[in-house]
Structures are given as structure tokens and as C-alpha cells.
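One-letter residues, chain by chain:
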Amino acid sequence: MAASQSERDLPSALCSEFLNFSAKDTASRWLVAADLQQEVYRHLAVYVPRILCQGPSGGSSNSSREEQREELACQLLLLAPLEWLLLGEEPASGLALLQEKNQPSPLCGHVFKVGEPTYSCRECAADPTCVLCMQCFLGSVHKEHRYRMTTSGGGGFCDCGDAEAWKKGPYCQKHTPTASNRDTEEDPVAQLPADMVARGYSIFSIILKYAVDMLTWEQEDQLPAGLEPPDRGDTYYCMLFNDEVHTYEQVIYTLQKAVNCSQKEAVSFATTVDRDGRKSVRYGDFQFCEQAKSVIVRNTSRQSKPLRVEVMHSSVVAHQCFALKALSWLGQVIQYSDGLRRILCQVGLQRGPEGENSSLVDQLMLNDSKMWKGARNIYHQLLMNSLLMDLKYKKIFAIQFAKSYERLQCDYVRDDHDREFSITDLSVQIFTVPSLARMLMVEENLMTTIIRTFVDHLRHRDLQGRFQFDRYTAQQAFKFGRVQSLIGDLKYVLISRPSEWTDQLRLKFLEGLEAFLELLKCMQGMDPVVRQVGQHIEMEPEWEAAFTLQMKLTHIISMIQEWCSTDERVLIEAYRKCLSALSHCHSSLPDGEQPISLSLAGHCVETFRYQVSQDKVSIHLPVCRLLAGLHVLLSRTEVASRFPEQLPLGELSPPLLIELPLRCLVLCAQVHAGMWRRNGFSLINQIYYYHNVKCRVEMFDKDIIMLQAGASMMDPNHFLMIVLSRFELFHIFSSADCRKRYREANKDVVQQQNTLIEEMLHLIIMVVCERYVSGVGQVEPFDEVRREIIHQLSIRPMAHSELVKALPENGNKETGLERVIDSVASFKKPGVTGRGLYELRPEWNKHFNLYFHHYSRADQSKAEEAQRKLRRQNGEDTALPPPVPPPLCPLFASLVNLLQCDVLLAVEGAVLQWAVEPSGGGWTESMLQRVLHLVGMALLEEHQQLENSSGDDDITFSYTSKITRPGEAPSTSGSVLALLESLQNAPHLEIHKDMITWILKMVANIKTMRERSSSISTVTISQGQGKEETVRDKDKAERKRKAEMARLRREKIMAQMSEMQKHFINENKELFQQSLEELEASTSAAAENSPPSMELSCVSQVCVGPRRVGGAERRQLVTCILCQEEQEVRGHGRAMVLAAFVQRSTVLSKNRRRNLPNPEHHDPLFMHPDLSLGIHTASCGHIMHATCWQRYFEAVQLKEQRRQQRLRGHTSYDVENGEFLCPLCECLSNTVIPLLPHTHTPDHSVDHPSLEAWLKTTSQQVAALHSAHRKQIDGVAEGAGPGVPEGFRVDFIPQNPFSSSISEMITTFSMSTYKVGLKVNPNEQDQRVPVLIWSTCAYTIQSIERLLMDEEKPLFGSLPCRQDDCLSSLTRFSSACWTAATVTTTHTHFIRLLSALVPDSQVENTPCILDIDMFHLLVYCVLSYSSVHSLDQSGRSVVDSAHLHLLHLVTVAHLVQILLTSTTEEVCMDQDSVGSEEEELTCQLYNTLRKHLNSVLPEVTSGWQLFRCIKVGVLPFLRAAALFFHYLNSTAPPADLLVTGPGQWEALCSYLSLPSNLLQLYQSQHTLLEPLIHRWCCHPGVRQTLQGGGVSVRYPRESNQLIELPEDYSVLINQASSFTCPRSGGDKSRAPTLCLVCGSMLCSQSYCCQTEVDGEDVGACTAHTFTCGAGLGLFLRVRESQVLFVAGKTKGCFYPPPYLDDYGETDQGLKRGNPLHLCVDRYRKIERLWRQHGVAEVIGHAQEANQTLVAIDWQHL
Ligand SMILES: [Zn+2]
Ligand SMILES: [Zn+2]
Ligand SMILES: [Zn+2]
Ligand SMILES: [Zn+2]
Ligand SMILES: [Zn+2]
Ligand SMILES: [Zn+2]
Ligand SMILES: [Zn+2]
């Protein structure tokens, strides 16, 4: 790369230019120049190529420094002169002055970054696109309103200050207009000095033109005139451009090949290309770059079009770079002054010499799709800062934008960049301003333009001109996706209804509507289906595209109707147009054929010859449905009654109107009846969406309305006959022997017909009963929503989000739910789990309608069951009669006649007749139930009429009299009433009895009313009923209630029984949820399991030393969960084991910066008091025979081996690492702990040596061991050596007290702990093996002690038994594990441990006492001592004395440790002088320490404070020691420690055989201890730590908590939005993730932040867990509002976040956008999970329950 070499020293050359260059002089030279543009260009031509893009940049490490240098040079050499010229003075002060004088418009205009939170007010925003930035939001009135919070996708700006965007409160505090704000009408340019205005015009036009020319420049080797560089070198760039076709991987791979770079560089190139849209990947001479280009093109052209690569001359690239900088500069300068902003707007929009569309802004827009991403971003940003911030020019710009709209959209559709990078995306900024949208509609005919453009782009049509999407290619699908954005634009235009109409607006709207109808006409009848008979269809037909289109248009259709509803003239005209469009569609209906004529029950009608089951039928009928919508509007606005003469009602042919919707509904019924099975899933999906909440408003609902409209205009008998005929059921009800139809041969056909009859009856119910649409019935929109909610809640109580999902959203994403919910439902708050639920208030139950039209069949049966149950509970009958419907509007009033027409009566009679003869099976209960419902509705109607009428004359309804008439032919049976009466007591109709009773009562009532109304005024039934019943039925009700209660009890017991019979594992799975909470306080469990020797607790209990009381006398009987055999735990018996899980832990860590230890060389013998890494052991408490477990585990292994051959690694546990699930509770385990017998009660006959004597003996023993070791090593006999104590045999090999099976299990557990603790391969010879077991024992006890302390639980008796069992076996095991290691190993450890307390010259590298955790030391000493003791064959000493002495020594050391570390300022300041004995002794000890340390410690006069520090500091140690000895020696705890409260200290000390004045330990052995203390202090480490300020740990160690989280979730979002990826220079992180343990923010799930851990690339989260949590992590994914648990590289799960909305629900994925607040209880629950080491278990269970979690690449998060 010769070229680049020579340029390396250029920076210094430039440096000298810096010094000599004067921006001021240059500016003044320019000022007097004749041709300013020429001068400026000359300057740029010289400097731009020299400053920018020198040499290869990017990828290398110094690029950011290079960038800074470039930046600086640009500012000084290029921009500064421009600023001087513009301002006429020093730029900094000039700009400040400008800003000071500026009177800004009150617009905020803050442009959003990716991921920044945005707020919209659901009450006040004009539409959902109106948003506020966080700052404005917090200062606005809306924060008290119902608001919605989302994260921005980048782009778009804050609408604060835009009066049109907000119905209320458009200004925040900061942007409230004040007197100093200028009037928006005033010209801000007038505020500037005239000469500056002139200079502004010329500079802005030169620079903007330069930038536009450069950005739209298409030649790679030439520059525009005037910009040619003075010396042109052979230096080129190979420029790679972004496309959306090639993947990251392809690009990275290609680059590595083409330009020979490392993978890392390639990743960096690819990232930049993706972000900025282009990047130079090679720099050099032309040949060199050309070569790279051809490699790239060759490599990427195989499957698709190749990546775009261009070889560009370096000066061209340099000028393009500077053009971008110049645009940014313009954007900055205009921020200082509204006047300058307007000048720039003027310059930008000034028409060029080429006329129309030739302004600079036009040139940019028209070339948008040719520019690379980075360039687009910058100029879009400038447009937003300039044109969109200036109200006057926003308008002018809007017109330009609308003029070019079609062309821009075409460019966009052809372009492959996402919409957010397209100029078309600005439409949201323009079209959502209602006044602009209206203006554009009137002046530029925007509505029509958008619709026409849309239609033009959808070219897939069939012969009839309808859309046809089958067989469309991926390319077309992509294009279809793109044009959908046009619908979005249309939505913006229509989103706010006009409050006032002008004639122009009417004209243009109707023109738009006409275009829209053209679109709908292309949709009417698309994707027709024909029933497949015989064979199943071969290929599922395409259906999604059509439905996508329908779904996208749903809101538009609704909005168009809303527009129409605001103006009568528009409505009438729209109705006309729609009707004529419909008749155009109908022209294709076959009319040439002979109609068929139907007659039934004395009525006749003619209809088409058509059968849904044989002919084509389509679900898509948008024209019909729009007409139905408009028809309702005519009724609602009463236009129909006021201007009937203007309406083309005469042109309506009701049978024609209902024809297509009816076919569609019949199709649904037939699909339901199973007649369309061979048509596959495509049809099922279509039917599903037809009813789905997203589509139904403009599909299913409108079809029902159309039937209602048609029926209300027809003879009801004719209507019903046509319905019967379309359902293909006519022959059943018309033929004479219809009663015998079930004798037909084919059972399937009968079943199909039964379903069809049910569906048809349901349809009739809906047509008459569904009146909750304003315009059909006399209701308000409010009632409609309320009814939906009542019916949803009749199924079961529901969460807010469930209700929202069940309701249709309008264009503003509102459902109206909040307005009604509180009036019909009561809210129940959630607990620590679950979510808040709404429950229907009982007074609304009477509105329940079993045949609610939006119920699916499943919903219906659930609701029915729930309602019947409720009624039984209330002691009521179980009839579910129809509710009283609202009155119909006049236009629909005749609908009710359907209920009493002859044809319906005939149908009812037929069904009832079938039901009387139960044997045949030709009827169904559903059928009967529907008929009863219809009868009920008719009676209600008659009752209503009677109630509301003043006399007999206005009652048109006479159902009761009709049903008493006997049926006419063909149903020659008795009357409907007679049939009902005979059915009342039919045994096979028990279920319907209550309903029939209700009907008959109703009939009787109506009769009475009719009789009375003829004489006196009416009496309402409810009153009459009430009085009669209260007396008569009181007893009956009481009996019924009692019987009901007995039944409920019985049911409950039955349920329990069957529950118990369920599989045991399943039962335990559920128990698992509880078991974690159990850890908190399952006092009951603990009480049951408390040791039986509890009675002894009144005697003073001692758990350590020669006076201790043992528990060995108790026999331990346990049952194996696998073979169910009972077994006693004995040292020589069959081994029993406990399933256990061992994991590394940093939960107690006080130092997360410490590096993980090197597994090979780490010496774990001394635990540092920062406890940075521990090993935790937990167990589910389930016991097995070792042999049973081994067999089980082998089976698991075998299964896994077989499984892995098919499907690698799809389990929640890692068998290769010894993991398995407990066979009983499926708890994640990775080893087993063998159970060992209790220790024996000490031999009280043996003397207890004093500390002095014991120390002496022990040091002799140690010396003897030392010399024995030396002998072994040197092989030289040195005689007897020092005096060996009597009976002590250094070469004694103690007998193994355990059976071989137990020994084997001891090794198993030892190896697991060793393997997990150090992350090494098993090695039984390693000396560290026993240490790790002691370590996990000590650490587990410590962590449990902390939990009990923090939760204020008593030390003993509050642990659940599984933990109790775990600790007890773990401790006893630890005391025996030395038997598996060689004796010398353990000796050596003991000697080294003891030397920390009793310094020993023969031991090296002993840490100072400040660097030792004393509890660990105590545990290790006690547990390792046994091995030394085993050599003493004298029989004159007991282990227990040694334990007590060790406890005393360690306690004193801990006291010293505490005193050394707790002297803070506060302690020294206290001057309280009178002190107790304890305080004086504390002072004495402290002063001794000061003496030894030569006053490194401050002077303290008050013993009180010091003593307090000691007492608080030593407590955790004492408590942990008590737990340890309790489990070691099986000593029952004293009563005082089974509760919390006073007296703990004394009880603790006495239990531990310590004086309650701990200082006496030191005082009583003063002479013996003094030299030890001296030597502790003299350890150089102590002084170093104290002076170096290195005291990291103070006592008591504070418990770790998860980080504090803000109450308001948006604070987190805001934090995360300003978080940038630490690796890719200032880029926004896509998945910012917060570590809940330490508070670090990480850039997760992204290439940029992957790191290598153990030879594998892992994401930022996984990498972080290894430094922060020893492989385990708890995170909050901020964008998703989701908690993430990760363990190791392969395991993880998501967990509900601790943030809830006001409805008690989480919002995982932040989809709903309700404000979220911290739920402290839930956060504490997560914290407890972490502190209890339960996270791995939760992950295990989650993965076991949900296999898809196993497949997620957790390591890449
Ligand atoms: Zn703002
Ligand atoms: Zn504001
Ligand atoms: Zn508001
Ligand atoms: Zn067993
Ligand atoms: Zn278990
Ligand atoms: Zn990153
Ligand atoms: Zn962390």
C-alpha cells in the first residue's frame, strides 16, 4: 500500500496550516469577493480533500483519534470562515448573541433517539402519533392523565407546543408561550439585521447547493465545476453499500476474502455499512480497489443481485463527507435563530431555474432512494429541524411533498431500504396535522392521490378486475408489504374528523370516496371458494394477503363512515355512491336463470337458484359492508326520517342486499357443520379472522347489520324462507313428513343438518336481538362497549389486558374500556404472583345473553356453565332467559315481527314436536335451547309492548295468542304452547325445565296483564312475582340452599380425592412453587420436624466442648424414594444419599472486582473475608439408596445418549456434567450427599485439658508431624526428634469407619464439589479436595445465617426441613470426608490453618488475620483436627476439648479483627467515659493493639462505642458457629434460640460454651494470648492493609441486595436510551440490559459486544455473569421489560419483571404501553430467590416446563 505510506505524515503538514490559517481573514477576503461562490468553492477544493478521508480508516484502533482530528480541522479550516462570514464577528459570541435575541416559537421539536421513551396522552392527544419527550411530559398536565408510554424507533419529534396535536394542554411548563414569544404570524427574519440577512441568503444558498450537488452526484471520478482538486492523485476508495438482501454473515465472509481483513475488521465494516449505508473497505490506487470490487461482486452475485460496490476517487468521497458535515452545520446554526431558520427554508424551497419541482429540497427528495442511509438520515434531520419547525414553511413544504407524493412512493416501493430511512416516512409529520391534511386534501386532492397510488401498485387482478394474490412471488409479496405504508398515510389523513365542512372539502372527500370504492370493488368477491367434494384440496390456497389488506383497511373504512356521519349532505351522497357501486357488483349475480319459488306456512316467495355448497362464495364483501355501515348512519343521524325524498331507498332491493352477506354466514355455518373439511386450513383461517376481533367490525358485524336492514324492509316470512333456502334446510321444514327426517339413512347428513339448524336459529336470534349498535337499537356507543365487557366477564374474571384484547380498537388504538369498566366490574388486586382481575358486579348478571354474537362456541359453553353455577350458588333456578333488549330505532323497528311470523312459528313448532319424541335422535338439545330462547324473546317483546302502551291500540304484538293456536300444515301437531306444556315434565329435558317454567310463567303473566290492561293500568311482573314468591318460596329456597351447600361440600371432597390420585410427581411439581416461599416461613413444617429431644431444651444446652449433649442415641430411619424401603443410617450400612445441587456463588461477595481464581493454582485454604466466591450446596431433601440412585442416573445417561443422536442437547439439565432431576420432585441436582450417623456423645470421664496444656500438646504433635514429613521427604532418620507426646503415633493409619458403599459416595460428593468449586476435572489425589468440602459447608451455613438474620427469623426451628436435612448431612459429611483423603493431606492443612492462630516458624505464607474469614477458619480447623486426633491412641484426650479451644482462639482472633477494622471517625469522636467492665476490657484490648501497631490505629477513649462494634460485629460469627456445632454434634438448640426476641446473646454464648462477656476469653488467658496477639499484629500484612486503606471488609458484613430500581419504569427506559454500546463508538445499544446484581448496563444480544469465554463467543450478558456472578446472572432487559436469568452458557429463562401497570399486570415486551411502576414485593421476591440460591432451580423448572426455552441461544444474549 504505497499510496497510503506517503500520506502518513500529512497530519503534521496540516498542523502548520492550522497555525497559519485565520478564519477571520478568510471571511473578510470572501466578503469583498466579486463572486462569493467561486471563492468558497476554491477554498473547499483545496482543503476538503486534504482534511477528509485521508487514508484507510475504520476498523483500526486509532480511528477515533483520527476522526477527532478530522473534526477539528473541518471546524477550523472549513466551517469557521463560514461562521465568521455569516455573523461578522467571533462565532462563539455571535451565536450566543443570536440565541439571546431569538424569540423562539414554542415548539419543542426534540428529535427522538432510538429507544428513547415517548409519551402520548390517551385523553388529549389528537391521535396516537402525537407524542412528548420525557422532559416535556414531566412538565405537562398529561402526566396526571391516562397516558401511554412507548420507546421510539428513532426519528420523529416531540409535539409539545403544537396546538393542533393536543385537545388540551398543548404546552409543557418549559414551552408555554410567554410575552417574549413572538406572534406566530410575525416574520422572524425581520428581527435580524439587514446585512446579516443578505449574507445569510448567499451563504446558505451556496452551502446548501454544494451539499445537494455532492449528495446527488453520481460520477465516481469527476467533481462538479469549481471543485476539482489542485493536485489530483491516484487515490481511490473501494466503497461498499448497504442492501437489505445480503445477511451480515454473507457480507463478513465476503469481505474477509475480498480485502483480506480479519474477522474482527470485517465485522466492524459490516456494522458500519449497516448503520451508515456505506463504508470504504479499501484505499489505494485504482487497480487495487478495482480488484477488491470484482471479488466482492463475484462472491455475492450467485443467489441474488450482487452487493453494490463502487470505486470512487478520494476527492469525491471527501467532498461527500464534507457535504454531510455542512448539512449538520446548517442544522446547528439555525437552532440559534428562528430568523436564520426561515432564511434557510426560503433558500431550500426556492424554485430553481428548471421550474416546477426544482428547488434544492425537491432535488434531495427526488433523489432520496438513490442516496445511502447516512446521507438520508442527515438531510431528513435537517428537514425536521428547519421546514417542519417553521409553521409557514411547513405548509409550503407540505404542498411540495404532496405534489411529489406519487413519485416518492414509487421510488420507495422500488427501493429496498426500510421505511424509516425513506423520505416518505415524513408523511407522519405532515399528514397528522389536521389543518395541513385538510388543506392538502382540498388543494392537492391528497386523499384521491393516495388511494389511486395504492391501487396502481396492486396489479394482481383476475378477469373480473378483482385482486388476486394466489401464486404471487416473494418479490410481489415484498412489494405488497411496501405499499401498505400508503394505507398508513391515508389513515393519518383521515384520523381526525372535520368539525366544519366546506364545499371544496365535500367535493374532494367524495372524490376520494369514489376512488376508495374503486378499491373496495376490486376486493369485493376476491378469493372465492368452492366446496371441495371427494378429494382434499391439493394446495392450500393463498388467503393471507387478502386478509392483510382487509385488516389494514378496517380502520380506514370505519373512519370514512365517521367522516360521513358528521355531514348530512356527504352522508347522503356517499350512500348513493356506495349503492351504485354495489349494484355494479351485483350485476354479476346470475339473473338470467329462472328463479325458484318457495312456499311455506301459507306464504310464497321467489329467489335465486343458488347453493353455497355447490357454487362460488367469497368472504370478502367490503362494498356491501360499507353500505351496511352507512345505512346504520342514516338511521342514527335520523337523515333517513328527515330527508327520505333525497335517499335512493326505492332503488334498494332487500333480497339483493341480503344475498351476499347471507351466503357468507351460511358458509360459516356449513364449515361449522363439517361440510367443508376437504377445503383445508386456508378456509378455516379465513372463517376465524372473519369473526376475529381485528376484523369483525367491518366483516361479521356488518353482515349481521345488513341482514337486519334487509329483514326490516321485507316481509318477515319471506326473509325467513330465503334464509331457510340458503341454509339448504327448506325442504326439512316444508315437507309433510319433516318429523320423520331422522329416519333418513345417512347419519352424517343428519348430523350436518342438525348443526345447520342450530346455526340458523342462532342467526335468527342474532338478527332480532343484536341491537347494541347505535342506529340499529336506541343505544350509545358507550352501551356497546359495556355489553362486550359484561359478556367477557360472564365467562370468568379477566385481567385488563385480556379485556383489551377482546375488544376492537379504533384508529386511535382505543377500545373505550376505561370509560365503562368501573361501572360494571370490581377490581381485585394481584398478590406477589398473578395479575389483577376484574370481576363482574352481580347486578349486571341479568344482562347476560347466552347467544351473544361475539361468543365463540367455546366461550358460549364456558359462559353458560359459569352462569348456571352462579345461579345455583345464589339459590336461584338455572334458567338463562334472554335479557330485555333495548328498543330498536325506527328504521329497524319492524325487525321484531320476525319473532311472531308464521314461518318462525312453524319452525319452532317443528323442533318442539321432535323434542316430544326423544327416541329418534333427530334433534339436539342446542336446537331446543335456541327455540326456547326465541320463544322467550318473543314473550319479552310482547311484555315490553304491554308495559309501555297506554291502551290496546298500539300493541302490534300478539305472540301469546299465536302460540295457543294449533299448528297448521305441515306441522299438524298441537299448538306451540301445548307442546311446551307437555315438555315441561319430560324426564329427558331436566336441564331445560327451569327455562320452560320461566316461559310458561311469562305466558301466564302476559295473560294477566292483557286482562288487567283492558280494565285497569298495568302491574309490572317483577313486583307481582316478588310478592308472591317471597312468602311461598321462602322455605323452598332455604331447603334448596342447604342442599346446594351439601352438594358443594361433596364436590369439593371429590375434587380433593381425585387430586390426590393424580401422579405424585405432578403434585410435587406444583408444590415446587410453594417450596421456595416455604423457605420464608414454614413454621408448621419445621415444627413437625423439630428434633424429638426438644424436651431437654429447658436444661442448659451446650453444643460444643466436653460438656456438650449429643444426639447420637437417636436412630435415624429413612425411606428410599425409589424403592420405598426403609433403612437405618449406619456407618457400616448401605449408603443412603440426598439429592443435592452444588453451585458457585457470589451472593455474599463484598468484592465483585476480584478476578476469578486460576483453577490450577488457586489455594483455597484460607477464605478471604470478602467472600468473593463461595460454593453453595442445596438439596430438595429427597433420600435414596446410593445403589438405587446410581441405577437411576445410569438410566438417565443412557436415555440422554440415545436422545443426543437424534436431537442434540435438548434437555434442561446437562447429563455430561452429572446433572439430573430429582426423581421425585424434578428439582435440578448435580450430585448426592451421603447420610452419616450422628457423632457419639463425648466420654465425660476423660479430663478436659486447659487451653495452655492443649496448646502445648498440640504444638508437640505438630512438631512431630513436621519432622515425620521431613523424614519422608529427605529420607534421613534424624533420631527421635522432638518430644513426641505419649500415645501419639505419626505413622498410624486409622481404620476407615465406613462401609465401602458409603466411602464410595463420600468420594462422589467430594469430586462434585471439587469439580464445581474449582472448575477442573476430577482428581482424587488433589490435596484441595477436602478443603472445598469444608468450604461449601462453611459458606452454605454463612449464607443461611444471613437469610435468617435479615428476615428476622429465629436461628433455629424456622428452616424448612429440606434445608435442615441438607445442612445436617452436609456438616456431618464434612467432618468425615477426611477419611477419603490421605491422612497427611489433612494434617498438613491443619498445621497450616493452626499457624494462622498460633504462628509457626516452620509454616510459610500464612496470611495475616485481616485476610482470613474467621468462620471459615473455625470450620476448617475443627473439621481437619479429627485427622490429627485420630493419631492419638492414648485415649486420654477428647476431640471436643480441642473443638472448644479452637472456638475460643478463633473468637479472640475475630475480636481482634473487628477492633482493627472498625475504628471509624465516628467511633473516635465519642467522649462518653463511664464504662462497664466489658467496655473497659474492650478499651484495654484496643490499647494493646495500638501499642503493637505503633499507633497506626487512632486513639479511642470511649469503650462503649468499641464494645458496641464488637458485639454487633461478632454476632453473625457466633450464630453461624452455633448452627455449625448444632449440626455437627446433633445438639438440640436452647428454647431461647427457637424464637426471636431478647436474651439471644446470652443464650447463644451459653450454647457455644462461651462467657457472655466475650472479652473474658482474652482477659482470663491474658498471659497465654498476649504473645499470640502480638504476633498477629506484627504480621506485615496488617500494617499494610490498615495504612494502605485496604480495609475492604468491616463487620458485620452488610448483606448484599439487588440494586435499587426506580419507581417509574420510564426512568429506566430513559437511562437505557442514552446508553451507548461501549465497543462501537457511540452507537446506541439495541438491547440494553441491566445487571440486577451490580447495576452494570450491558449491550446485549449484539455482535459488537461478544467476547470469548473459554474459547466460545458469548454475548455481553453471559460474559458478565462470569465476572459478576460466577456464571449466574439476573438481568433486566430494559426495552422488553423482562427479567432474564442466565446460568452458565446454555441455561436461562425469562421471569416476570417487578414492574406492574395500574391494572396489576406486567407488560413483557412493552407492547401495551401503560405506565409501569415498581412492585417492591415482587422485586423482593426475586431478590430472595437470588439470595436463597434458587435461580438455577427456577431456570431448570422453567426449561423443563417449556421446551422451547431449551433451544434459545442463551449464551448470545
Ligand atoms: Zn419536548
Ligand atoms: Zn415542552
Ligand atoms: Zn392529557
Ligand atoms: Zn432404594
Ligand atoms: Zn427432590
Ligand atoms: Zn455493543
Ligand atoms: Zn453485574
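This text goes with the structure placed above it.
The shown structure was predicted, so the numbers you read here are calculated from the model rather than taken from an experiment. (Residues numbered from 1 in each chain as written. Chains lettered and ligands numbered in written order. Predicted model: local features only at pLDDT ≥ 70, side-chain atom pairs only at ≥ 80, totals over all residues. Heavy atoms only, no water.)

### So, the coordination of the zinc ion (ligand 1)
Okay, so step 1: Here the zinc ion (ligand 1) is held by Cys108 (SG), Cys133 (SG), Cys136 (SG) and Cys158 (SG), and the distances to it run 2.2 to 2.4 Å.
Okay, so step 2: One way to put it: the four donor atoms around the zinc ion (ligand 1) meet at angles of 98 to 123 degrees, and that makes the site tetrahedral.
Okay, so step 3: Written as a sequence motif, the donor residues of the zinc ion (ligand 1) are C-x24-C-x2-C-x21-C. (Donors = N, O, S within 2.8 Å, 3.2 Å for Na, K, Ca; no water. Tetrahedral: all angles 85-135°; square planar, octahedral: opposite > 155°, others 65-115°.)

### Section: the coordination of the zinc ion (ligand 3)
Okay, so step 1: Protein ligation of the zinc ion (ligand 3) involves Cys121 (SG), Cys124 (SG), His142 (ND1) and His145 (ND1), the donor distances falling in the range 1.9 to 2.2 Å.
Okay, so step 2: Given four donor atoms and angles of 101 to 118 degrees at the metal, the environment of the zinc ion (ligand 3) is assigned as tetrahedral.
Okay, so step 3: Taken in chain order, the donor set of the zinc ion (ligand 3) reads C-x2-C-x17-H-x2-H. With cysteine 121 in strand β1 (residues 114–121) and histidine 145 in the loop between α7 (134–138) and β2 (147–153), this residue pair connects regions lying 24 residues apart in the sequence. Of the two residues, cysteine 121 and histidine 145, neither departs from the other in class, the shared state being buried. (Helix = DSSP H or I, 4+ residues; strand = E, 2+ residues; numbered from the N terminus. Buried < 20%, exposed > 50% of the residue type's maximum accessible area, 1.4 Å probe, protein only.)

### Some points on the nonpolar core
Okay, so step 1: Phe204, Phe322, Phe397, Phe401, Phe509, Leu549 and Leu667 are the most contacted members of the largest nonpolar core, which has 300 residues in total.
Okay, so step 2: Leave out the neighbours within four places in its chain, and phenylalanine 509 touches Met441, Met447, Leu494, Trp501, Ile560, Trp563, Cys564 and Val570.
Okay, so step 3: With 147 residues, the next largest nonpolar core counts Ala1264, Ala1396, Leu1489 and Trp1576 among its residues. (Core = buried A, V, L, I, M, F, W, Y, C linked by side-chain atoms within 4.5 Å. Contact = heavy atoms within 4.5 Å.)

### Some details on the side chain of glutamate 864
Okay, so step 1: Locating glutamate 864 in the fold gives a position in helix α36 (residues 857–873).
Okay, so step 2: Beyond its immediate sequence surroundings of up to four residues, glutamate 864 is in contact with Phe848, Leu850, Leu880 and Gln929.

### Focus on the packing of helix α49 (residues 1329–1350) against helix α51 (residues 1383–1397)
Okay, so step 1: Two numbers describe how α49 lies on α51: the axes approach to 9 Å, and their chain directions differ by 55 degrees. Taken together, the axes of α49 and α51 are oblique relative to one another. Here α49 contributes Pro1330, Val1331 and Trp1334 to the contact with α51, which in turn contributes Thr1385, Thr1386 and His1389.
Okay, so step 2: Its residues assigned to classes, the contact of α49 with α51 shows three nonpolar, three polar and no charged. (Axes fitted to C-alpha atoms, helices over the stretch in contact; angles between N-to-C directions. Parallel < 35°, antiparallel > 145°, perpendicular 65-115°, else oblique. Nonpolar A, V, L, I, M, F, W, Y, C, P; charged D, E, K, R; others polar.)

### Structural notes on the pairing of strand β5 (residues 309–313)
The two faces of the sheet receive side chains in turn, since in a regular strand these alternate between them.
Okay, so step 1: Within β5, five of the five residues are buried, leaving the element largely enclosed by the surrounding structure.
Okay, so step 2: Of the two faces of β5, the one carrying Val309, Val311 and His313 and the one carrying Glu310 and Met312 are both buried.
Okay, so step 3: Judged from the five bridges that link them, strand β3 (residues 236–241) and β5 form a sheet pairing that is antiparallel. Within β5, the position partnered with methionine 239 by the bridge is glutamate 310. (Pairing = 2+ DSSP bridges.)

### Some details on the packing of aromatic side chains
Okay, so step 1: Scanning all chains against the criterion turns up 39 aromatic pairs.
Okay, so step 2: Both rings, one in phenylalanine 733 and one in tryptophan 914, keep their centres 5.8 Å apart while their planes meet at 35 degrees; by these two values the pair is tilted. Placement of the pair is phenylalanine 733 in helix α31 (residues 730–734) and tryptophan 914 in helix α37 (residues 902–916), with a sequence separation of 181 residues. With respect to burial, phenylalanine 733 and tryptophan 914 carry one shared label: buried.
Okay, so step 3: A connected cluster of aromatic rings, assembled from ring pairs, spans Phe397, Phe401, Tyr405 and Phe431.
Okay, so step 4: The ring centre of phenylalanine 241 lies 3.8 Å from the NZ or CZ of arginine 308, which sits over that ring.
Okay, so step 5: One cation-aromatic arrangement involves arginine 663 over tyrosine 610; the distance from NZ or CZ to the ring centre is 3.4 Å. (Phe/Tyr/Trp six-rings, centres within 6.5 Å; stacked < 30°, edge-to-face > 60°. Lys NZ or Arg CZ within 6 Å of the ring centre and 35° of its normal.)

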